[in-house]
Every structure is written in C-alpha cells, then in structure tokens.
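# Structural features, examined
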Amino acid sequence: GENVEQHPSTLSVQEGDSAVIKCTYSDSASNYFPWYKQELGKRPQLIIDIRSNVGEKKDQRIAVTLNKTAKHFSLHITETQPEDSAVYFCAAPGSGYALNFGKGTSLLVTP
Amino acid sequence: DAGVTQSPTHLIKTRGQQVTLRCSPISGHKSVSWYQQVLGQGPQFIFQYYEKEERGRGNFPDRFSARQFPNYSSELNVNALLLGDSALYLCASSLGQLSSAEYFGPGTRLTVT
C-alpha cells in the first residue's frame, strides 16, 4: 500500500513568516493529494487538494506543489497568522479508494 | 447543507463490551469511510463503503465490522473491546469517485476502561 512520509513533525514560525510542510509518497500511480488542518479537539478539515494533472494550486495564502517525478508534494502557507496554528496532515490514495495519512505536522505561529 | 454527522460524541465502555458508532454523510454523497485516530497520529483507514458495498478494508482485526444503509448512512461496530481501541473514530463522506474529496465528521471519542 501507499506509504506517506511527512516532515517536519513540529514547526514553529513567527507571525507573518512562511511555513512549508513536505510529504513524500511511494506509489507512482497516486493521483490525488489532499491536505487537512486539524485544530485541537476538532475534525480534520480539508483545506486544499491537488490532482496529478497540475503542478501547483493556490488558494489565498495557501498553496500546494506537486513533483510527480520525485514523488513529493508540499504545503506552503504565507503570511502566517496565529489562527494557522494546528496540526496539518497530508494524504495520498492507498489501496483502492482509501486515503493514507502522514503522521502530521504541529504548526505553531507565535505573535 | 448539513455536513457529516456522527453519534454519539463520546462513549465510555469497558473491556470486552461491544460498541456501535453511527454516521450520516453529506447529502448526495454515496461513499462513507471510517478512520481511527489515536492521539498524536494521523487517521488510519478502517473501512470504505460505496452504494452499500464494502470497497476497502484496512489492517484491522475482524472485531471491526461496518455496514451502509440504503440512505447511505453507516454504522461501525467493534466487538470484544480492548484498551487499545480507545481513540477518536472519524467518519468521512465523499461522492465516491476516484480522487473525490473526503469530508470528515466531528468524530466519536471512544474510551475503553
């Protein structure tokens, strides 16, 4: 099945700086890569996703890039704000239609 | 439109008991997936159902079972509970096509004592 590695496990940035989280996957046939944000005690919330026919997708301060050759994809958050503090998970398709998740990155944005 | 709903919110059971968790998908979504999330980890895939048929199963013992009803709602059953089954159980719904986005419910927090 798909193996998803996520780095770093923790990330601390100052408000206004950028944050980058990287994930690698093993199955070259994977074609869908979502990112979820999970605040303490809440559900994982889909914040952005990318399909393999594009290399980059942006939504306001959030962007995701995909490098299919290297089998990695990254989440970029610009102009970080304290409310961006949360755990972020990347995912890639596993066997069949299931998603395999990375272990998460705990992002702390300090004022 | 309502999002994915799950019940109950919290549950406390003792070892050896059985539990049933419930999920209602977003209106129009035909696929429901169940995940287990242990503290500090990402969600782990348990089952996926589409049009009432099991479409995928993760690496979980046979004590875990699920089903999907004609209205696309779903139940997850866990028998012979172990302490290690304590976790947040998340349900996610999607349209069910390949590369369809999955949307999570609020989860059921299960504590086994």
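Before any of the text, the structure's been laid out above.
What this report covers is the structure whose coordinates are included nearby. (Residues numbered from 1 in each chain as written. Chains lettered and ligands numbered in written order. Predicted model: local features only at pLDDT ≥ 70, side-chain atom pairs only at ≥ 80, totals over all residues. Heavy atoms only, no water.)

## Structural notes on the environment of Asp27(A)
Applied cut-off: Secondary structure elements follow DSSP: runs of H or I of four or more residues count as helices, runs of E of two or more count as strands, with numbering from the N terminus.
Position of Asp27(A) relative to the elements: it lies in the loop between strand E3 (19-25) and strand E4 (32-38). Sequence spacing of Asp27(A) and Tyr97(A) is 70 residues, and the spatial spacing of their C-alpha atoms is 13 Å.

## Focus on the packing of aromatic side chains
Residues and elements named next belong to chain A. Under the convention used in this document: Working definition: rings of Phe, Tyr and Trp (its six-membered ring) pair if their centres are within 6.5 Å, and the pair is stacked with planes under 30 degrees apart, edge-to-face with planes over 60 apart, and tilted otherwise. Only protein chains enter the accessibility calculation, which uses a 1.4 Å probe; a residue whose area is less than 20% of its type maximum is buried, one above 50% is exposed, and one in between is partly exposed.
Taken as a whole and judged by the stated rule, the model has 13 aromatic pairs over all chains. Considering the side-chain rings of Trp35 and Phe73, the 5.6 Å spacing of their centres and the 65° angle between planes classify their relative orientation as edge-to-face. Linking Trp35 in strand E4 with Phe73 in strand E8 (residues 72-77), this pair joins segments that are 38 residues apart in sequence. In this structure Trp35 comes out as buried when scored by relative accessible area, which is 0%.

## Digging into the sheet that holds strand E1 (residues 4-7) of chain A
All names here are of chain A. Threshold: Two strands qualify as a pair provided that DSSP identifies no fewer than 2 bridges between them. Where helices are involved, their axes are fitted lines through C-alpha atoms of the stretch in contact, as for all axes, and angles between N-to-C directions lie from 0 to 180°.
Pairing is antiparallel in the open sheet, where five strands are placed in the order E1-E3-E8-E7-E6. Every interior strand has two partners, whereas the edge strands, E1 and strand E6 (56-59), have only one. Averaged over all pairs of adjacent strands, the angle between strand axes in this sheet comes to 15°, irrespective of strand direction. Sheet topology places E1 next to E3; four bridges connect them, and they run antiparallel. Following the sheet pairing, Val4 is matched in E3 by Tyr25.

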